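Commentary on secondary and tertiary structure
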Amino acid sequence: QQQVKQSPQSLIVQKGGISIINCAYENTAFDYFPWYQQFPGKGPALLIAIRPDVSEKKEGRFTISFNKSAKQFSLHIMDSQPGDSATYFCAAKAETSGSRLTFGEGTQLTVNP
Amino acid sequence: GAVVSQHPSRVICKSGTSVKIECRSLDFQATTMFWYRQFPKQSLMLMATSNEGSKATYEQGVEKDKFLINHASLTLSTLTVTSAHPEDSSFYICSASRGTGEKLFFGSGTQLSVL
């Protein structure tokens, strides 16, 4: 019940295209859903996050869509750029778990020029 | 955003030696710090949770005596890999939060290679 399932495992997109990464969860106690971006040899960096009281959050080219009833959330990267090539992790946290995050398996995104 | 500094970024050591990795919150007091291990092309695996002034809580399967964690101050946590062996080679990452439920900020990671 603590798992967060992420797909796809890898994704190749052309420059200017839309990258979409999906995550699903089971634990209805999760109330915070961040996305992290990780470049090789670096730690993850918080990209954008959402709480279940809204269905969508947009920050620049990055948008999270959240479907509470389906227990799914996704990251959309608009106008994808080669510099977006990285590994993306979704995560989830329950209020009762403090700051402890449950991570998805990760998606290796490659944006071709 | 808050800054978490992790040092060293890369360390190579001989089998049997001990290695210490430092994690510092530079501009905030971190009541909780987390230590993760990450293998290539895999997700982050939580090793332990450390709270300032108390013993760390280790995840199941993580050897407490091999991975010593100290969180002696609100800005510093250390992970010591004792008697390191080649199978301990991995990417180790720390994260810190200001308090319960607060956002997590990650260090830049430490690549440990044990020869």
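Residues numbered from 1 in each chain as written. Chains lettered and ligands numbered in written order. Predicted model: local features only at pLDDT ≥ 70, side-chain atom pairs only at ≥ 80, totals over all residues. Heavy atoms only, no water.

It is worth spelling out the overall build of chain B at this point. Within chain B one finds 0 helices and 11 strands. Taken from N to C terminus, the helices and strands of chain B fall in the order β-β-β-β-β-β-β-β-β-β-β. Against the globule reference of 13 Å for 115 residues, chain B gives a C-alpha radius of gyration of 13 Å, in line with a compact fold. With the C-alpha coordinates aligned to their principal axes, the bounding extent of chain B is approximately 35 × 25 × 25 Å. In chain B, which comprises 115 residues, the share counted as buried stands at 51%. Counting only contacts in chain B whose residues sit at least 6 apart along the sequence, the fraction spanning at least 24 positions is 55%. For chain B, the exposed surface amounts to about 5700 Å²; the carbon and sulfur share of it is 50%. Averaging the locations of the 11 positively and 9 negatively charged side chains of chain B gives two centres separated by 5 Å. (Helix = DSSP H or I, 4+ residues; strand = E, 2+ residues; numbered from the N terminus. Rg over C-alpha atoms; globule rule 2.2 N^0.38 Å. Buried < 20%, exposed > 50% of the residue type's maximum accessible area, 1.4 Å probe, protein only. Contact = heavy atoms within 4.5 Å. Areas by Shrake-Rupley, 256 points an atom, 1.4 Å probe, with all protein chains shown as cover. Lys, Arg positive; Asp, Glu negative; His and termini not counted. Charge placed at Lys NZ, Arg CZ, Asp CG, Glu CD.)

Right, let's talk about the sheet that holds strand β7 (residues 62-67) of chain A for a bit. All names here are of chain A. Taken in spatial order, the 5 strands of this open sheet run β1-β3-β8-β7-β6, and their pairing is antiparallel. Since the sheet does not close on itself, it has two edges, and those belong to β1 (4-7) and β6 (56-59), each with one partner. Averaged over all adjacent pairs, the angle separating strand axes in this sheet is 15°, with direction ignored. (Pairing = 2+ DSSP bridges. Axes fitted to C-alpha atoms, helices over the stretch in contact; angles between N-to-C directions.)

Attention now moves to the state of the cysteines. All names here are of chain B. By the definition in use, this model includes 2 disulfides over all chains. There is a disulfide in this structure between Cys-23 and Cys-94, and the S-S distance comes to 2.0 Å. Its S-S torsion of about 80° marks the bond between Cys-23 and Cys-94 as right-handed, since a negative value means left-handed. Taken together, the residues Cys-23 in strand β3 (residues 19-25) and Cys-94 in strand β9 (residues 90-97) connect sequence positions 71 residues apart. The two residues Cys-23 and Cys-94 agree in class, both being buried. Free of any disulfide, Cys-13 has its nearest cysteine sulfur in Cys-94, 18 Å distant. (Disulfide = S-S within 2.5 Å.)

Counting residues in each nonpolar core, the largest one holds 27 residues, and the members touching the most others are Phe-67 and Leu-112 of chain B. Elements supplying a minimum of two residues to this core: β2 (10-13), β3, β4 (32-38), β5 (44-51), β7 (67-73), β8 (76-81), β9 and β11 (110-114) of chain B. Sequence-distant contacts of Phe-67 of chain B, that is, excluding residues within four places in its chain, are made with Arg-37, Met-47, Tyr-58, Val-62, Leu-79, Thr-80, Val-81, Asp-88 and Tyr-92 of chain B. Residues Val-13, Ile-21, Tyr-25 and Tyr-88 of chain A belong to the second largest nonpolar core, which totals 25 residues. (Core = buried A, V, L, I, M, F, W, Y, C linked by side-chain atoms within 4.5 Å.)

What follows deals with the pairing of β2 of chain B. Residues and elements named next belong to chain B. The two faces of β2 differ: Val-11 and Cys-13 on one face are buried, but Arg-10 and Ile-12 on the other face are not. When β2 meets β11, the two strands line up parallel, connected through 4 bridges. From the neighbouring strand, Cys-13 faces β11, where its bridge partner is Val-114.

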